[in-house]
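# Working through the structure, step by step
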Amino acid sequence: MEAADYEVLSVREQLFHERVRECIISTLLFAILYILCHIALTRFKKPAEFTTVDDEDATVNKIALELCTFTLAVALGAVLLLPFSIISNEVLLSLPRNYYIQWLNGSLIHGLWNLVFLFSNLSLIFLMPFAYFFTESEGFAGSRKGVLGRVYETVVMLMLLTLLVLGMVWVASAIVDNNKASRESLYDFWEYYLPYLYSCISFLGVLLLLVCTPLGLARMFSVTGKLLVKPRLLEDLEEQLYCSAFEEAALTRRICNPTSCWLPLDMELLHRQVLALQTQRVLLEKRQKASAWQRNLGYPLAMLFLLVLTGLSVLVVAINILELLIDEAAMPRGMQGTSLGQVSFSKLGSFGAVIQVVLIFYLMVSSVVGFYSSPLFRGLWPRWHDTAMTQIIGNCVCLLVLSSALPVFSRTLGLTRFDLLGDFGRFNWLGNFYIVFLYNAAFAGLTTLCLVKTFTAAVRAELIRAFGLDRLPLPVSGFPRASRKTQHQ
């Protein structure tokens, strides 16, 4: 063999080893996420659904739980995708020739983006509908009972749903873009139909983030205030403990003497109220034992930290709005190349990259808080060891929609200059200036409005509570005052 043939073989062998190494790394990362999600879901599932007398129902629920675990692992991977890419770029930029990080390269990052996109499509379009229909199925009438009969019914239902969604997307594409080439592109199921459908789902997820994130940013202050111990000026724990003990004693006396009340009593409801009051009393006792440093320093620092992060988020979006008007490079776009470690995606270098990662995580947490705080999705809130299987499926679908839209959401708002990789950058609406500009303006306006409303109401309530004005016998505004003649009578 000639020297050129040896060089070709060596290049092919090196490429093969790189692909095997990337597969092993991707598998290990996904295995870690899968184990974490499995542990989390087992803490929320309802044990009665997995220990039933009917082994068929228990088997179906176990299969559905594994599918939910896979979907939740993909959602967690979508959340970590952009921060991991930003940090990897900074690491490669700081240590370009380090031997121990040779496995971290652009090909691996690009492969992770493609895998997340593929598994997101697979979970949203096939696995989660299959899991829902599988748990609700009973088998065709007249067929043999068992798990296999349920699988047949689920597959038929999934095929009918696929045809329905395919027809809806076909009609929507014909209405939006009345072009023969765009309609013919839908014949290619894998290359055009799935990315187009996922583009629609991602756009809905971005709109959902637009609504939930400002609400969550305003709710983060109250949620953090419930978790931390407030200073004595803002909170009287002794009075709360006294009221809790008084209510618990009253309910216990009512349970012990049910005949003392002439109204029929719901004993199960009374027992649940007593357990809730006991749990509240234990938490109040733990908070009362907090140190002075934790009480007087932890709460103000946490509130200041949240205020700084929220202000930075609004400031970054405002700067991005100005850049959209001036520079075309501020528009979100896809990046086809995988050359990482060449230039930093932040003007502040590694420090700016860390700030970008913190803001991305903060907005994702805020969007989840706002999602579960909204009246429309409040019923999906999972309960500890008391969450039905259908509710777990709904939570996994919603979290996957939110998390898979996070990279597009972050790039659209200008939180990072890291361009979207793979099929994430192929969404048609990303190139529309008016959509991107209005999205940024709507986010800045809604966030400012929610924060102003929340802070004014919170400050007013805390001042009234701090000065004891809430204990004054103020007149009710909904009823008119009685006249002097009526008072004399």
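Shown above is the structure to which this text applies.
Let us look at the structure shown here. All values derive from a computational prediction rather than experimental measurement.

Looking now at the overall build of the protein chain. The helix and strand tally for the protein chain stands at 14 helices and two strands. Relative to its full complement of 489 residues, the protein chain shows a buried share of 40%. A fraction of 80% describes how many contacts in the protein chain between residues 6 or more apart in sequence connect residues 24 or more apart. As displayed, the protein chain has an accessible area near 28600 Å², and 67% of this comes from carbon and sulfur atoms.

Once that is clear, we can look at the pattern of salt bridges. A complete count under the given rule lists one salt bridge for this structure. Between arginine 19 and glutamate 22 there is a salt bridge whose closest N-O contact spans 3.7 Å. Note that arginine 19 and glutamate 22 are positioned in helix α1 (residues 3–44) at a spacing of three residues, about one turn of the helix. Assessed through its relative accessible area of 40%, arginine 19 is described here as partly exposed. The class for glutamate 22 is buried, based on a relative accessible area of 10%.

All right, on to the packing of helix α3 (residues 106–136) against helix α11 (residues 389–404) then. The angle between the axes and the distance between the axes are what describe a pair of packed helices. It is the contact of α3 with α11, at a shortest axis distance of 10 Å, that shows an interaxial angle of 170 degrees. Comparing their axes, α11 and α3 come out roughly antiparallel. Of the residues in α11, those in contact with Ser120, Ser123, Leu124, Met128, Ala131, Tyr132, Thr135 and Glu136 of α3 are Met389, Thr390, Ile393, Cys396, Val397, Leu400, Val401 and Ser404. Across the contact of α3 with α11, the residue classes break down as 10 nonpolar, five polar and one charged.

What counts, and at which threshold
- Residues numbered from 1 in each chain as written.
- Predicted model: local features only at pLDDT ≥ 70, side-chain atom pairs only at ≥ 80, totals over all residues.
- Heavy atoms only, no water.
- Helix = DSSP H or I, 4+ residues; strand = E, 2+ residues; numbered from the N terminus.
- Buried < 20%, exposed > 50% of the residue type's maximum accessible area, 1.4 Å probe, protein only.
- Contact = heavy atoms within 4.5 Å.
- Areas by Shrake-Rupley, 256 points an atom, 1.4 Å probe, with all protein chains shown as cover.
- Salt bridge = Lys/Arg side-chain N within 4 Å of Asp/Glu carboxyl O.
- Axes fitted to C-alpha atoms, helices over the stretch in contact; angles between N-to-C directions.
- Parallel < 35°, antiparallel > 145°, perpendicular 65-115°, else oblique.
- Nonpolar A, V, L, I, M, F, W, Y, C, P; charged D, E, K, R; others polar.

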